Protein chains: 2
Amino acid sequence: MNDDAGRQPVMTNPRAERVREVARLATRSGRSRSMRFLAEGPQAVREAVRLHRERSAAGRDAVVHQIFATPDAAERHPDLVSGVPGVEPRLAEPAVIAAMADTVSPQGIVAVCHQPQAGLVDVLAAKPRLIAVLCEVQDPGNAGTILRAADAAGADAVVATTGSVDLFNPKAVRSTVGSIFHLPIVTGIDFADLAEALRRTGVGLLAADGYGAADLDELQDRAAARRLGVDAAAEPVLERPTAWLFGNEAAGLGDEQLEAADLRVAVPLYGVAESLNVGTAATVCLYASARAQRRA
Amino acid sequence: MNDDAGRQPVMTNPRAERVREVARLATRSGRSRSMRFLAEGPQAVREAVRLHRERSAAGRDAVVHQIFATPDAAERHPDLVSGVPGVEPRLAEPAVIAAMADTVSPQGIVAVCHQPQAGLVDVLAAKPRLIAVLCEVQDPGNAGTILRAADAAGADAVVATTGSVDLFNPKAVRSTVGSIFHLPIVTGIDFADLAEALRRTGVGLLAADGYGAADLDELQDRAAARRLGVDAAAEPVLERPTAWLFGNEAAGLGDEQLEAADLRVAVPLYGVAESLNVGTAATVCLYASARAQRRA
């Protein structure tokens, strides 16, 4: 426990205005008004604190705004309640933490965080090789799964265009299991603007589309053949800097996205299944690109 | 609407014993006592009816035991309430369907189905190339995602060993989006027995293990090199008949599984993420095998 936290009284009133202010981060309007969101539980708070310390050391903007923990949780996680630059963690009773959190069991600790949004210009200036783009993905669990898969595949950024679920929604944040703090996130951008900016920067657009004419496994075969010198003349596809477009759960990608894409790519279905969940399809697509790019 | 359904009165009492009997299929004991489960909504019922008709034409056991639909749903889906061999669909008021179903919106139609369980002996006699094995996977959504991915990757069967979540749990069934009716399912089998049977049949065991020494992308590279004749001497791994072992969400695979496996394989993590969700990892593994096997 650090000294500052020790000096302040333990918060006991779950109906206090300060508590309700935190609870409002569970709503989209509460988040967009404050540009903050809530990381719940020790794992998410740890990732927030890690990024906060990194940024602080580099003289950059803070990530963590405030940390609230029960006395028990503070004792269990001393690394999360002391030495967080510029943050004085507050102790609170379990009922207070529960009133703040969206989760049933936040395990006694939450952090109010600034939304770590990146600008598209900065993302593109860093010469990205792999970007995941959410186009009207609606389910927060799917959005979180895609973000986590993008992180695992080493993607350079995740972009959510206008009309997609808010990536800072509590369920989405939980589904990312900390990945929300791992890579640049760009939200609320118009698709036409994004497509133009990507094109200008030399990033190709691949549409993940169950009805696509290109087969992902064939593209992977082609990349392997090229890499192994068997078909060196084959035009690179997966090896190129790529933004994958993932669409709505029910309707898929819209005409605007399909028309803007350089290629419409289907994950092949070898069984009886008629489709894949968008989170699952995104994982397969992002890993296919990561593999082709890292071995090119 | 078929004639039989027309002749019976519309069910109106959500508290009738017959309705409660259906509702009990939401519990594990209710399902294991009757060896039945509930398919909810037109998509799941359609897959059930499709398999039922196929089996009936082949003189095999029934899949659908009973269908209940609101008059509206029956009118919207005539293919689901007539011509289902041996089944007399019953009309029921929306409140009755709601009382039967676990879902918030079953869209007016449910089917009580016999659990389409397969025997391990039959599965192995059919010379399977790809099997997904759930070892103490606990979350029904993850189990359903793995089953759906196994179907999409063209796997020959899904096996759940003792201690795994019940694949006929309503949430698991929903997560499969119909795939529960697409491939043989073997449940409640002891892992040691399974491992021995697989070994005897020449099916290799690959453990999906984040700490595994083998890297899935390297195995895929090796398969590609072998296929393209660049390294024809490389020993086949992914190309062989394979049972993938997927473990518990928190603890991963147990020692018994890790020791029984021929190889422990990690899905590489290229970013900051510390792990992948088991459903996501399973998808990547199953697709890697499907691709290597179909091109071998």
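What you see is a predicted model; the values in this text were computed from it and never measured.

J.: What exactly am I supposed to notice about the relation of the copies chain B and chain A here?
T.: Two chain copies here: they are related by a rotation about an axis and a translation along the same axis. In the superposition of chain B on chain A (RMSD 0.0 Å, axial shift 0.0 Å), the rotation amounts to 180°. The transformation just described matches what one would write down for a two-fold rotation axis. Comparing interface residues between copies, 100% of those in chain B also lie at the interface in chain A; the contact surface is shared.

J.: Honestly, the interface of chain B and chain A in this entry has me stumped. Any pointers?
T.: As a measure of interface size, the accessible area lost when the parts come together is often cited. Contacts between the two partners involve 38 residues from chain B and, on the opposite side, 38 residues from chain A. For the pair chain B and chain A, the summed buried area comes to about 3200 Å², and 56% of that belongs to carbon and sulfur atoms. Its largest share of buried area at the contact with chain A, chain B owes to Tyr270(B), Tyr287(B) and Arg291(B), together 20% of the area lost on that side. For the interface between chain B and chain A, the tally reads nine salt bridges. Measuring nitrogen to oxygen at the nearest pair gives 3.2 Å for the salt bridge that ties Asp221(B) to Arg227(A). If you look at where chain B meets chain A, you find 21 residue pairs in polar contact (both at pLDDT 80 or more).

J.: It is not clear to me how the packing of aromatic side chains should be interpreted in this structure. Could you clarify?
T.: How two aromatic rings sit relative to each other is given by the distance of their centres and the angle of their planes. Per the counting criterion, the structure on display carries eight aromatic pairs over all chains. Aromatic pair Trp244(A) and Phe246(A): ring centres 6.2 Å apart, planes at 10°, arrangement stacked. In this structure, Trp244(A) and Phe246(A) share a single accessibility class: buried. Their ring planes at 45° and their centres at 6.2 Å tell us that Tyr287(A) and Tyr270(B) sit as a pair that is tilted. Of the two residues, Tyr287(A) sits in helix α14 (residues 278-295) while Tyr270(B) sits in the loop between β11 (263-266) and α14 (278-295), which places them in two different chains. Pairwise contacts between aromatic rings join Phe37(A), Phe168(A) and Phe181(A) into one cluster.

J.: How should the UniProt feature "domain: RNA 2-O ribose methyltransferase substrate binding" (unreviewed entry) in chain A be read in this particular structure?
T.: In the numbering used here, UniProt assigns the "domain: RNA 2-O ribose methyltransferase substrate binding" (unreviewed entry) feature to residues 38-119 of chain A. The span residues 38-119 of chain A carries 40% helix and 21% strand; its end-to-end C-alpha distance comes to 21 Å.

J.: Teacher, can you tell me more about the sheet that holds strand β4 (residues 109-114) of chain B here?
T.: The strands that make up a sheet pair up through hydrogen bonds in the backbone, lying either parallel or antiparallel. All names here are of chain B. Strand order in the open sheet made by the four strands is β1-β4-β2-β3, with mixed pairing throughout. Every other strand in the sheet has two partners, leaving β1 (36-40) and β3 (90-91) as the edge strands with one partner each. Across five bridges, the pairing between β1 and β4 is antiparallel. Looking across to β4, one finds that arginine 36 is bridged to histidine 114.

J.: For this particular structure, what's the right way to read the sheet that holds strand β8 (residues 204-208) of chain B?
T.: Residue and element names in this part refer to chain B. With parallel pairing, seven strands are arranged side by side in an open sheet as β7-β6-β5-β10-β8-β11-β9. On the outer flanks of this sheet lie β7 (185-189) and β9 (214-215), each paired with one strand and no other. Packing of helix α9 (residues 140-152) onto the sheet brings it into contact with β5 (130-134), β6 (157-161), β7 and β10 (242-246), and relative to β5 it is tilted by some 175°. Of the strands in this sheet, β5, β6, β7, β8 and β10 touch helix α11 (residues 191-200), which is tilted by about 130° from β8.

J.: Sorry, what's going on with the pairing of β4(B) here?
T.: Residue and element names in this part refer to chain B. Counting buried positions over the six residues of β4 gives five, a clear majority of the element. For strand β2 (residues 64-69) and β4, the ladder comprises five bridges, and the chain directions are antiparallel. Across the sheet, the residue bridging to alanine 69 is isoleucine 109, located in β4.

J.: Looking at this structure, how should I read the domain arrangement of chain A?
T.: Residues and elements named next belong to chain A. Domains assigned within chain A are domain 1 (3-114) and domain 2 (120-295). With 16 residues of domain 1 at the interface, the matching set in domain 2 holds 13 residues. Contact between domain 1 and domain 2 buries roughly 1100 Å² in total, counting both sides, with carbon and sulfur atoms accounting for 63%. Area buried by domain 1 at its contact with domain 2 is led by Arg31, Phe37 and Glu47, which between them contribute 42% of it. In this structure, the connection of domain 1 to domain 2 is made through three salt bridges.

J.: Just checking my understanding: could you explain the pairing of strand β10 (residues 242-246) of chain A for this structure?
T.: Both faces of the sheet carry side chains from a regular strand, because those side chains alternate between them. All names here are of chain A. Buried residues dominate β10, accounting for five of its five residues. Where strand β5 (residues 130-134) meets β10, five bridges bridge the pair, whose relative direction is parallel. Its bridge partner lying in β10, leucine 130 is registered against threonine 242. Strand direction decides the pairing type here: strand β8 (residues 204-208) and β10, joined by four bridges, are parallel. Looking at β10, one finds that leucine 206 is bridged to tryptophan 244.

J.: Even after reading the chapter, I still don't get unusual backbone geometry, so can you show me in this structure?
T.: Backbone geometry follows two general trends: most residues other than glycine have a negative phi, and most peptide bonds adopt the trans configuration. Residues and elements named next belong to chain A. Positive phi, close to 55°, is recorded for methionine 35, a residue that is not glycine. For methionine 35, the location among the structural elements is in the loop between α3 (28-34) and β1 (36-40). Its identity as a non-glycine residue notwithstanding, glutamate 136 has a phi of 60°, on the positive side. Take glutamate 136: it is sitting in the loop between β5 and α9 (140-152). On the basis of relative accessibility, which here comes to 44%, the residue glutamate 136 falls in the partly exposed class.

J.: What am I meant to see in the side chain of Asp217(A) here?
T.: Relative to the elements of secondary structure, Asp217(A) occurs in helix α12 (residues 216-227). Not counting the four nearest positions on each side in its chain, Asp217(A) is found in contact with Pro268(A), Tyr270(A), Arg291(B) and Arg295(B).

J.: Is there a simple way to explain α9(B) in this structure?
T.: Since the α-helix turns once every 3.6 residues, residues separated by three or four places project in the same direction. Residue and element names in this part refer to chain B. If you check α9, its first and last C-alpha atoms are 18 Å apart, about what 13 residues at 1.5 Å a residue would give, namely 18 Å. Counting buried positions along α9 gives 12 out of 13 residues, so the element sits mostly inside the fold. Along α9, the residues classified as buried are Pro140, Gly141, Asn142, Ala143, Gly144, Ile146, Leu147, Arg148, Ala149, Ala150, Asp151 and Ala152. Turning to α9, the residues buried within the fold contact β5, β6, α10 (170-176), β7, β10 and α14.

J.: Whenever I open this one, the environment of Val87(A) confuses me. Can you help?
T.: All names here are of chain A. Within the fold, valine 87 resides in the loop between α6 (78-81) and β3 (90-91). Note: C-alpha distance between valine 87 and aspartate 102 (15 residues apart in sequence) is 22 Å. Those residues within four positions of valine 87 in sequence are excluded, and the remaining contacts are His52, Val64, His65, Gln66 and Ile67.

J.: Honestly, the pattern of salt bridges in this entry has me stumped. Any pointers?
T.: When charged atoms on two side chains of opposite charge get close, those side chains can pair. Enumeration over the complete set of coordinates arrives at 29 salt bridges over all chains. The residue Glu274(B) makes a salt bridge to Arg50(A) at a minimum N-O spacing of 3.4 Å. Here the residue Glu274(B) occupies a position in the loop between β11 and α14, and Arg50(A) occupies one in helix α4 (residues 42-57), the pair thus bridging two chains. Owing to a relative accessible area of 35%, Arg50(A) belongs among the partly exposed residues under this scheme. Among the charged side chains, a network of salt bridges with common partners joins Asp217(A), Asp221(A), Arg227(B), Arg291(B) and Arg295(B).

Criteria and thresholds
Residues numbered from 1 in each chain as written. Chains lettered and ligands numbered in written order. Predicted model: local features only at pLDDT ≥ 70, side-chain atom pairs only at ≥ 80, totals over all residues. Heavy atoms only, no water. Least-squares fit on C-alpha atoms with pLDDT ≥ 70 in both. Contact = heavy atoms within 4.5 Å. Buried area = accessible area lost by both parts, 1.4 Å probe. Salt bridge = Lys/Arg side-chain N within 4 Å of Asp/Glu carboxyl O. Polar contact = N/O pair within 3.5 Å; in protein donor to acceptor, adjacent residues only side chain to side chain. Phe/Tyr/Trp six-rings, centres within 6.5 Å; stacked < 30°, edge-to-face > 60°. Buried < 20%, exposed > 50% of the residue type's maximum accessible area, 1.4 Å probe, protein only. Helix = DSSP H or I, 4+ residues; strand = E, 2+ residues; numbered from the N terminus. UniProt positions renumbered as here; feature names shortened; annotations may be inferred. Pairing = 2+ DSSP bridges. Axes fitted to C-alpha atoms, helices over the stretch in contact; angles between N-to-C directions. Domains from an automatic or database assignment. Expected span 1.5 Å × (residues − 1).

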